[in-house]
Amino acid sequence: MSHQSTTAEATETAGADIVVVDYGLGNLRSVTRGLERVGATVTITDDPAVFEAADGIVLPGVGAFREGMDNAGPYRDALEAAVDRGQPVFGICLGMQMLLGSSEEAAHAGEGDVEGLNFIPGTNVRFSGDLKVPHMGWNNLTVTSDHPIADGIDGEYAYFVHSYYAVPDSEDAVVATSEYESTFPAIVANEAGNVFGTQFHPEKSGETGLQILQNFVTICME
Amino acid sequence: MLTKRIIPCIDVDLDDDGNAAVYTGVNFENLKYTGDPVEMAKAYNAAGADEFVFLDITASADGRETMLDTVSAVADECFIPLTVGGGIRTQEDIKETLRAGADKVSINTAALERPALIEEGAKAFGSQCIVISVDARRRFDDAGEYYADVDGESCWFECTIKGGREGTGIDVVEWAIEAEERGAGELFVNSIDTDGTKDGYDIPLTKAVCDNVSTPVIASSGCGGPEDMHEVFTDANADAGLAASIFHFDEYSIEDTKAYLDEHGIPVRL
């Protein structure tokens, strides 16, 4: 689980072509700058036709599950095709929650269920206890299973802002956890390993976050 | 475990040549030049700051363009959350500030004047990026709603505008509750009475707000050192402590502050 210096790896991974899916939500600038910092070439796009040529796809996102899925709907087929081809797909925050099958958030909003992308079977539920919601701030990570996205980050801190968290059907889908009221998944991945997501924002998590973006770029170059 | 956040704040104005520069004041007055905003942000990022607050105090249209460029320059260098406040009055202002690279916007007077701006901002961009800032002032009369004890006297806290020069008659705690209901994702609580004094945060004020909302609260104004941060986390239950002058004038480093808090049982990111 050791990692080389960022500079050395940046040279090694230079040239990874990453697409960041622009489906109308959030600040894409930080994740783009973060990926560039670790040596990637980034294209922000709303055109699913360019997914196939990319080395990896980032699904960012802030906001609500229903709006997120409404906006991401047009990309569902292209994302499914990418996953089937084995391309790395990285969901961040709401983008991670959308990798699962459903969310309590959309159910609460009424108007019937909203289907997630379902690359990782399971749902998302709301924190329910005495602690403040949203869970906002820096919390530490415990890596629970071996996955290259989590190389070199065990015990480090990451920046979270969220009210819901993932509950995958299979415990094997949990790569790292954090604690807030109880233990919840901070990083999840599918069985094949090419679809994964972080509940926290790597682009806002300092050096630890840049390490994760570096890990992603390394995965994309394999 | 979720940690308490230590947040340096930089007040940015234009210098005589029209460039963005950081100024630090005492009691919202007597501003003193302290440095280049991008260089300061980089240094704080390296020192382990958990977040930045960047306040545009130019309050001019000319300044605004320069400020957004400076926000972008800071955001490109620092991979930690960035809150930008000052002069944000409309949904369009929120949008362009977020687009420039801010993660959150801090809104003060404009929300007091038109509270629906909170709902509009939260709906369009998410509650997590809408921070409501208040400049509170102690009032020792019977016009308030929520009273606290300050040195044996009963007082309430009034929302002020124009850097504390004008009262609004609105009770800070009542406004905090309303702002939360309208979708504010965080509350940024400044005190006219303790700002720049370095005698400690306004604990009764911060506690009154924290006791009545479930939204995270950033305590501000009056921090003179790590002990004051400790007090506001333990006695008022604030989620984050903001400071300007103690960090800008190198009286304490972020590292020293965090080491002190860690030794005294406060969870911090080390």
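As annotated in an unreviewed UniProt entry, chain B carries the name Imidazole glycerol phosphate synthase subunit HisF and comes from Natronocalculus amylovorans. You can read under Subcellular location (unreviewed entry) in the UniProt record for chain B the words "Cytoplasm".

Where an unreviewed UniProt entry is consulted, chain A appears under the name Imidazole glycerol phosphate synthase subunit HisH, with the organism given as Natronocalculus amylovorans. Quoted verbatim from the Subcellular location (unreviewed entry) heading of the UniProt record, the comment on chain A is "Cytoplasm". Per UniProt, the comment on chain A under Subunit (unreviewed entry) is "Heterodimer of HisH and HisF."

Visitor: Would you explain the interface of chain B and chain A in this entry?
Guide: A common measure of how large an interface is: the accessible area buried when the components associate. With 20 residues of chain B at the contact, the number on the chain A side is 26 residues. Looking at the side of chain B that touches chain A residue by residue, the classes come out as eight nonpolar, six polar and six charged.

Visitor: I'm lost on the nonpolar core in this one. Help?
Guide: Note on soluble globular proteins: their nonpolar side chains tend to be buried together. Counting 84 residues, the largest nonpolar core has B:Ile132 and B:Val209 as its most contacted members. Apart from the residues lying within four places of it in its own chain, the contact partners of B:Val209 are B:Val172, B:Val173, B:Ala176, B:Leu187, B:Val189 and B:Val217. One finds A:Met69, A:Met98, A:Phe119 and A:Tyr165 within the second-largest nonpolar core, a separate group that totals 71 residues.

Visitor: Honestly, the environment of B:Gly224 in this entry has me stumped. Any pointers?
Guide: All names here are of chain B. Among the secondary structure elements, Gly224 is positioned in the loop between strand E12 (217-219) and helix H8 (226-234). Linking Gly224 and Ile246, residues 22 residues apart in sequence, is a C-alpha distance of 6.3 Å. Setting aside anything within four residues of it in sequence, one finds Gly224 in contact with Lys198, Asp199, Gly200 and Ile246.

Visitor: It is not clear to me how the UniProt feature "active site" (unreviewed entry) in chain B should be interpreted in this structure. Could you clarify?
Guide: Residues and elements named next belong to chain B. Mapped onto this numbering, the UniProt entry annotates "active site" (unreviewed entry) at Asp11 and Asp135. Mapped onto the fold, Asp11 is located in strand E1 (residues 5-14). Residue classification places Asp11 among the buried positions, given that 22 C-beta atoms sit within 10 Å. Position of Asp135 among the secondary structure elements: in strand E7 (residues 130-139). Look past the residues within four positions of Asp135 in its chain and what remains in contact with it is Asn108, Thr160, Gly164, Asn190 and Ile192.

Visitor: Whenever I open this one, the packing of H8(B) against helix H10 (residues 254-263) of chain B confuses me. Can you help?
Guide: The description of two packed helices rests on the angle between their axes and on the distance between the axes. All names here are of chain B. Between H8 and H10, the shortest axis-to-axis distance is 9 Å and the interhelical angle comes to 50°. The angle between H8 and H10 places the two elements in the oblique class. When you trace H8 past H10, the crossing you get is right-handed. Here Pro226, Met229 and His230 of H8 lie close against H10, whose contacting residues are Asp256, Thr257, Tyr260 and Leu261. The class makeup of the residues in the contact of H8 with H10 is four nonpolar, two polar and one charged.

Basis of the calculations
Residues numbered from 1 in each chain as written. Chains lettered and ligands numbered in written order. Predicted model: local features only at pLDDT ≥ 70, side-chain atom pairs only at ≥ 80, totals over all residues. UniProt positions renumbered as here; feature names shortened; annotations may be inferred. Contact = placed C-beta atoms within 7 Å. Nonpolar A, V, L, I, M, F, W, Y, C, P; charged D, E, K, R; others polar. Core = buried A, V, L, I, M, F, W, Y, C linked by C-beta atoms within 7 Å. Buried ≥ 20, exposed ≤ 12 C-beta atoms within 10 Å, placed from the backbone. Helix = DSSP H or I, 4+ residues; strand = E, 2+ residues; numbered from the N terminus. Axes fitted to C-alpha atoms, helices over the stretch in contact; angles between N-to-C directions. Parallel < 35°, antiparallel > 145°, perpendicular 65-115°, else oblique. Left-handed = near helix turned anticlockwise from the far one by under 90°.

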